[in-house]
Amino acid sequence: MNVHTQKISIAGPVGALEVALDAPTGTSRGVAVIAHPHPLFGGTLDNKVVQTMARAFTQAGWTAVRFNFRGVGASEGVYDEGRGEVEDMLAVVQHAAPTGELALAGFSFGAFVTSHVFARLLAKRPVAKLVLVGTAASRFAVAPIAEAAHEQTLVVHGELDDTVPLQAVLDWARPQLLPVTVVPGGGHFFHGQLPLLKSLVARHLR
């Protein structure tokens, strides 16, 4: 991502997990753990949407932590349809942010995983910010977001997403009365609109 990115390896549930850390300038507000898209379709911690979110967090004063799910890059293990990936993300949270301010973010499959990690952590510790982008609601059972957490939650989706139709995300959000920010003309990967996505995340982090 940049010359200051620190790559480390941590112990995960089924072996080593590859982790990339980007620190902000000055004192860190907290740690943001960011999950990448589907491992079987080229998703890695270097995904452009994931990197865009990481930049938004670091520029807002957060330490951004990206990681590769099991079986991706230097992370050991094999794809586990989301179950093991939730455990992977929880392990990264425990390693990178055992205490202090925590934010969670994810893109596509990573947003689905992040929703379940958020649900698991809710009773144990506060999560200051939650960012879900291109949430894979048409392909996976995304966890509902507790009403008390709606104010700290940002859901962003492209109007013309042909990987996860906007309608699927609205169908997930509607029963919860959870707002969805729609990017007009946006596709799943926000080609040509990553600066806009970054600004939306940055605005949420103010």
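This write-up is about the structure you can find in this document. Everything quoted here is computed from the prediction, not taken from an experiment.

### Comments concerning the nonpolar core
Part 1 of the argument: In terms of nonpolar packing, the biggest core is built from 43 residues, with V33, L104 and W172 touching the most fellow members.
Part 2 of the argument: Among the secondary structure elements, those contributing two or more residues to this core are β2 (15–22), β3 (31–35), β4 (63–67), α2 (83–96), β5 (102–107), α3 (109–121), β6 (129–133) and α4 (166–173).
Part 3 of the argument: For this core, the element with the highest residue contribution is α3, accounting for seven residues.
Part 4 of the argument: Excluding its chain neighbours within four sequence positions, the residues that come into contact with V33 are V65, F67, M89, V92, V93, L102, A103, L104 and A105.
Part 5 of the argument: Within the second largest apolar cluster, 24 residues are counted, among which are M53, A64, V133 and L200.

### Considering the sheet that holds strand β8 (residues 181–183)
Part 1 of the argument: The eight strands lie next to each other as β1-β2-β4-β3-β5-β6-β7-β8, forming an open sheet whose pairing is mixed. If you trace the sheet from one side to the other, it starts and ends with β1 (6–12) and β8, each paired once. Going across the sheet, the axis of each strand differs from the next one's by a mean of 20°, ignoring polarity.
Part 2 of the argument: The pairing of strand β7 (residues 153–158) with β8 spans three bridges and is parallel. Bridge pairing in β8 places H157 opposite V182.
Part 3 of the argument: In the packing of α3 onto the sheet, contacts are made with β3, β5 and β6, and the angle to β5 comes to roughly 150°.

### A look at the environment of A96
Part 1 of the argument: When you line up the elements, A96 lands in helix α2.
Part 2 of the argument: Taking the relative accessible area as the measure of exposure, A96 reaches 26% and is therefore partly exposed.
Part 3 of the argument: Linking A96 and G158, residues 62 residues apart in sequence, is a C-alpha distance of 31 Å.
Part 4 of the argument: In contact with A96, other than residues within four places in its own chain, are V31 and V65.

### Concerning the side chain of Q176
Part 1 of the argument: As for its placement among the helices and strands, Q176 is situated in the loop between α4 and β8.
Part 2 of the argument: At 2.6 Å, the side chain of Q176 and the backbone nitrogen of I145 are in polar contact.
Part 3 of the argument: Separated by 2.8 Å, the side chain of Q176 and the backbone oxygen of W172 make a polar contact.

### Examining the packing of α2 against α3
Part 1 of the argument: Contact geometry of α2 with α3 gives a least axis separation of 9 Å together with a crossing angle of 65°. Handedness of the α2/α3 crossing: right-handed. Contact with α2, carried on its side by E85, V86, E87, M89, L90 and V93, involves F109, V113, T114, H116, V117, R120 and L121 of α3 and no other residues of that element.
Part 2 of the argument: Here the residues of the contact of α2 with α3 are counted per class, giving eight nonpolar, two polar and three charged.

### Structural notes on the packing of helix α1 (residues 48–59) against helix α5 (residues 194–204)
Part 1 of the argument: Between α1 and α5, the least distance of the axes is 9 Å, while the angle of their chain directions is 40°. Considering their axes alone, α1 and α5 lie oblique with respect to each other. For the pair α1 and α5, the sense of crossing is right-handed. Seen from α1, the contacting residues are K48, V49, T52, M53, R55, A56, F57 and Q59; seen from α5, they are L194, L197, K198, V201 and A202.
Part 2 of the argument: By residue class, the composition of the contact of α1 with α5 is eight nonpolar, two polar and three charged.

Conventions used here
- Residues numbered from 1 in each chain as written.
- Predicted model: local features only at pLDDT ≥ 70, side-chain atom pairs only at ≥ 80, totals over all residues.
- Heavy atoms only, no water.
- Core = buried A, V, L, I, M, F, W, Y, C linked by side-chain atoms within 4.5 Å.
- Buried < 20%, exposed > 50% of the residue type's maximum accessible area, 1.4 Å probe, protein only.
- Helix = DSSP H or I, 4+ residues; strand = E, 2+ residues; numbered from the N terminus.
- Contact = heavy atoms within 4.5 Å.
- Pairing = 2+ DSSP bridges.
- Axes fitted to C-alpha atoms, helices over the stretch in contact; angles between N-to-C directions.
- Polar contact = N/O pair within 3.5 Å; in protein donor to acceptor, adjacent residues only side chain to side chain.
- Left-handed = near helix turned anticlockwise from the far one by under 90°.
- Nonpolar A, V, L, I, M, F, W, Y, C, P; charged D, E, K, R; others polar.
- Parallel < 35°, antiparallel > 145°, perpendicular 65-115°, else oblique.

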